[in-house]
Structure formats: C-alpha cells, structure tokens
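In case you want the letters, here they are:
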Amino acid sequence: MRKILITTFTLFLFTSFTSCAVVNALLGYDECNYPGCTNRCIDNCNYCSTHCHNHNVPENFDKKIRQSIDKQVEQYKKDQKRTQKK
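Residues numbered from 1 in each chain as written. Predicted model: local features only at pLDDT ≥ 70, side-chain atom pairs only at ≥ 80, totals over all residues. Heavy atoms only, no water.

Chemist: Pulling in residues and values, what's your account of the overall build of the protein chain?
Modeler: Looking only at helices and strands, the protein chain features three helices and zero strands. When its helices and strands are written in sequence order, the protein chain yields α-α-α. Across the 86 residues that make up the protein chain, the buried fraction comes to 7%. Considering only contacts in the protein chain between residues 6 or more positions apart, those separated by 24 or more positions represent 0%. A total accessible area of about 8,200 Å² is found for the protein chain, and carbon and sulfur atoms account for 55% of it. (Helix = DSSP H or I, 4+ residues; strand = E, 2+ residues; numbered from the N terminus. Buried < 20%, exposed > 50% of the residue type's maximum accessible area, 1.4 Å probe, protein only. Contact = heavy atoms within 4.5 Å. Areas by Shrake-Rupley, 256 points an atom, 1.4 Å probe, with all protein chains shown as cover.)

Chemist: Give me the pattern of salt bridges: which residues, what numbers.
Modeler: Going through the model one piece at a time under the given rule, you end up with one salt bridge. A salt bridge links Asp79 to Arg82; its shortest N-O distance comes to 3.4 Å. Here the residue Asp79 and the residue Arg82 both occupy positions in helix α3 (residues 61-85), the gap between them amounting to three residues, near one helical turn. (Salt bridge = Lys/Arg side-chain N within 4 Å of Asp/Glu carboxyl O.)

Chemist: Could you give an account of a nonpolar patch on the surface, with specific residues and numbers?
Modeler: A surface patch of nonpolar side chains, amounting to about 320 Å² of accessible area, comprises Phe61, Ile65, Ile69 and Val73. Within the fold, Phe61 resides in helix α3. (Patch = residues over 30% accessible without salt bridge, like charges linked within 9 Å, V, L, I, M, F, W, Y side chains within 5 Å.)

Chemist: Kindly report on the environment of His51, identifying the contributing residues and their values.
Modeler: Examined against the element boundaries, His51 turns out to sit in the loop between α2 (20-27) and α3. The class for His51 is partly exposed, based on a relative accessible area of 22%. Along the backbone, His51 and Asn33 are 18 residues apart, and their C-alpha atoms lie at a distance of 8.9 Å. If sequence neighbours within four positions are ignored, His51 has contacts with Cys32, Tyr34 and Cys37.

Chemist: Could you give me a rundown of the state of the cysteines, with the residues and numbers involved?
Modeler: Enumeration according to the criterion identifies zero disulfides in this entry. Cysteine Cys37 is unpaired, with the sulfur of Cys48 as its nearest cysteine sulfur at 3.7 Å. With a relative accessible area of 10%, Cys37 lands in the buried category. On the accessibility criterion, Cys48 (2% relative accessible area) is buried. (Disulfide = S-S within 2.5 Å.)

Chemist: Tell me about the confidence of the model for the protein chain, and name the residues and values.
Modeler: Residues of the protein chain with pLDDT of at least 70 account for 74%, and the chain-wide mean is 76. Per-element averaging of pLDDT across the protein chain places α2 at the bottom with 64 and helix α1 (residues 2-16) at the top with 82. (pLDDT = per-residue confidence, 0-100.)

Here you go:
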C-alpha cells in the first residue's frame with residue numbers, strides 16, 4: 001500500500017509540473033501565456049497588457065455598472081406603469 005501511495009504521489013508531482021505556465025514560472029520566464037503571444041507579462045498577471053482581463057479596468061467600474069442597471073430598472077418600471085394605465 002505504501003508503494004502505491006508513493007508512486008501515485010510521485011506521478012502526481014510529475015504531471016502537475018508539466019504545464020508550460022508552471023515551468024516558465026519556476027524558471028523565471030516572463031512571457032505571456034496566451035498561445036502564440038511573445039509579449040512580456042504585466043505585474044500580477046500571467047498575460048501581457050493586451051490579453052490580461054484585469055488590465056486597465058477603472059476603479060469605479062462596478063459602481064458605474066450598478067448605476068446603469070438601476071437606471072434601466074427605473075425605466076422598465078415606468079414603462080410597466082404606463083402600459084397598465086391603458
């Protein structure tokens with residue numbers, strides 16, 4: 001049983017370190033993980049500025065989204081009241 005556990009754990013370690021992103025991170029390469037892109041990564045992201053989804057998002061983005069949704073809901077309620085009066 002012990003041999004099986006050791007073998008399984010060793011195989012797990014070998015398979016978990018085969019990812020290109022993991023190998024590049026361990027070796028210190030700083031290249032974008034997007035397929036075919038050779039740009040450098042930006043801070044706190046594994047992708048370049050073009051492919052990183054968190055890059056250039058304004059701080060008050062969530063607040064603007066909520067305000068927009070609130071305005072749309074208000075307009076919908078007004079429209080519903082108008083259609084009920086007819």
